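Per-entry structural report
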Amino acid sequence: ENYWVDAVGIAIVARGVLSEVPILRDLDAAPVKVGQRAPAKPFEAFRQLRDAWGESAKVYEWSNGRGIALTTEQGWKIYFGDANEMLSKVAVARALIEQLRGKSIKFIDVGQGEPFYQ
């Protein structure tokens, strides 16, 4: 179900598709009804990542198991975990992207503990 979320986290009726507005997909939460508050954890992680990443990713994903994720222009999914220490996680992800250019990568995970990729 698609809906917009206002500045305080309340779900409102989506009034169309705005291509410049990023999408946050919650992969495992129960649907939110219009007028209810959306889960805070995914939106805080989204805001932190959006501000730290600086590039305009169009689609973000959230799962309780891996946290917030985005897909790079190379098609690599990067998992960032929750909102904690987002600037550091983004710096590590950017360094890994530079080191791994030209390789076939499925994902990078900088969310918890030591970063790893596959």
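How each quantity is defined
- Residues numbered from 1 in each chain as written.
- Predicted model: local features only at pLDDT ≥ 70, side-chain atom pairs only at ≥ 80, totals over all residues.
- Heavy atoms only, no water.
- Helix = DSSP H or I, 4+ residues; strand = E, 2+ residues; numbered from the N terminus.
- Rg over C-alpha atoms; globule rule 2.2 N^0.38 Å.
- Contact = heavy atoms within 4.5 Å.
- Areas by Shrake-Rupley, 256 points an atom, 1.4 Å probe, with all protein chains shown as cover.
- Expected span 1.5 Å × (residues − 1).
- 1 Å grid on protein atoms, 1.4 Å probe; cavity = no way out; pocket = protein on both sides within 12 Å on 5 of 7 lines; lining within 4 Å.
- Points joined across faces, edges and corners; volume = space filled by probe spheres on them.
- Nonpolar A, V, L, I, M, F, W, Y, C, P; charged D, E, K, R; others polar.
- pLDDT = per-residue confidence, 0-100.

Looking only at helices and strands, the chain features two helices and eight strands. Traced from its N-terminal end to its C-terminal end, the chain shows the element sequence β-β-β-α-β-β-β-α-β-β. Relative to the 2.2 N^0.38 estimate, which gives 13 Å for 118 residues, the radius of gyration of the chain is 15 Å and therefore close to what a compact globule would have. Taking the principal axes of the C-alpha coordinates as reference, the chain spans close to 45 × 30 × 20 Å. Long-range pairs, those at least 24 residues apart, make up 48% of the contacts in the chain with a sequence separation of at least 6. Carbon together with sulfur atoms contributes 51% to the accessible area of the chain, which is approximately 7,500 Å² in total.

It is worth spelling out helix α2 (residues 86-100) at this point. Helix length check: α2 (15 residues) gives 21 Å between terminal C-alpha atoms against 21 Å at 1.5 Å per residue, within 8%. Of the surrounding secondary structure, the elements contacted by the buried residues of α2 are α1 (40-53), β5 (67-71), β6 (77-81), β7 (107-109) and β8 (116-117). Just beyond α2, the residue with positive phi is Gly 102, at close to 90°.

In this section: the layout of surface pockets. Empty space within the largest pocket amounts to approximately 930 Å³. Lining the largest pocket are 29 residues; nearest its centre among them are Tyr 3, Trp 4, Pro 22, Ile 23 and Leu 24. Those elements that provide at least two residues to the lining of the largest pocket are β1 (4-5), β3 (23-26) and α1. With five residues, the single largest contributor to the lining of the largest pocket is α1. The class makeup of the residues in the lining of the largest pocket is 20 nonpolar, three polar and six charged.

Time to look at the confidence of the model for the chain. Considering every residue of the chain, the mean pLDDT works out to 89; 99% of them sit at 70 or more. Across the chain, β6 holds the top mean pLDDT of 96, while β3 sits lowest at 86.

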